[in-house]
Amino acid sequence: MLTLAPLFIAWTWVLRRSAGIVATASLAIVTLLVCAFYDAVSLEGVRGWEALLAYPRLYGTLGLWGWLGWALGREGNGG
């Protein structure tokens, strides 16, 4: 729920700036990860590196903050 405001800000920035295809596609992937729903019961027997797949929302949120940092740096450089 706390990531809805940053997602709104990011999509507003993309739509107003008519950002490139890479910026739009990466934000779309991040948005899908944040909105991901998964069945945690099916991951009960998973161990090791595969267990990291159980956190798509976490990775989406980290990606969103990285994307926002990139956009802020781009905005600060006049781009």
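To be clear, the structure that these remarks concern was listed above.
Summary of the structure given here. (Residues numbered from 1 in each chain as written. Predicted model: local features only at pLDDT ≥ 70, side-chain atom pairs only at ≥ 80, totals over all residues. Heavy atoms only, no water.)

This part takes up the overall build of the chain. Helix and strand counts for the chain stand at three helices and zero strands. Counted from the first residue to the last, the chain has its helices and strands arranged as α-α-α. Looking at the chain as a whole, 25% of its 79 residues qualify as buried. Sequence separation of 24 or more characterises 65% of the internal contacts of the chain that already satisfy a separation of 6 or more. Counting every atom, the chain has about 5,900 Å² of accessible surface; 70% of that belongs to carbon and sulfur. (Helix = DSSP H or I, 4+ residues; strand = E, 2+ residues; numbered from the N terminus. Buried < 20%, exposed > 50% of the residue type's maximum accessible area, 1.4 Å probe, protein only. Contact = heavy atoms within 4.5 Å. Areas by Shrake-Rupley, 256 points an atom, 1.4 Å probe, with all protein chains shown as cover.)

A surface patch of nonpolar side chains, amounting to about 860 Å² of accessible area, comprises Ile29, Leu33, Trp49, Leu52, Tyr55, Leu58, Tyr59 and Leu62. Among the secondary structure elements, those contributing two or more residues to the nonpolar patch are helix H2 (21-34) and helix H3 (56-76). The element contributing the most residues to the nonpolar patch is H3, with three residues. Tracing the backbone through its elements, the reader meets Tyr59 in helix H3. (Patch = residues over 30% accessible without salt bridge, like charges linked within 9 Å, V, L, I, M, F, W, Y side chains within 5 Å. Salt bridge = Lys/Arg side-chain N within 4 Å of Asp/Glu carboxyl O.)

Taken as a whole and assessed by the stated rule, the structure comprises three aromatic pairs. Taking the centre distance of 5.5 Å and the plane angle of 80 degrees together, the rings of Trp13 and Trp67 count as edge-to-face. On the criterion of sequence distance, the pair formed by Trp13 in helix H1 (residues 4-17) and Trp67 in helix H3 is long-range, its members being 54 residues apart. One exposure class covers both Trp13 and Trp67, and it is buried. Taken together, a centroid distance of 6.2 Å and an interplanar angle of 80 degrees make the contact between Trp13 and Trp70 edge-to-face. Remark: Trp70 occurs in helix H3 and Trp13 occurs in helix H1; sequence separation between them is 57 residues. (Phe/Tyr/Trp six-rings, centres within 6.5 Å; stacked < 30°, edge-to-face > 60°.)

Let us look at the packing of H2 against H3. Between H2 and H3, whose axes approach to 7 Å, the crossing angle comes to 150 degrees. Taken together, H2 and H3 sit at an angle that is classed as roughly antiparallel. For the crossing formed where H2 meets H3, the hand is left-handed. Along the contact surface, H2 presents Ala23, Ser26, Leu27, Val30, Leu33 and Val34, while H3 presents Pro56, Arg57, Gly60, Thr61, Gly63, Leu64, Trp67 and Trp70. Class assignment for the residues of the contact of H2 with H3 results in nine nonpolar, four polar and one charged. (Axes fitted to C-alpha atoms, helices over the stretch in contact; angles between N-to-C directions. Parallel < 35°, antiparallel > 145°, perpendicular 65-115°, else oblique. Left-handed = near helix turned anticlockwise from the far one by under 90°. Nonpolar A, V, L, I, M, F, W, Y, C, P; charged D, E, K, R; others polar.)

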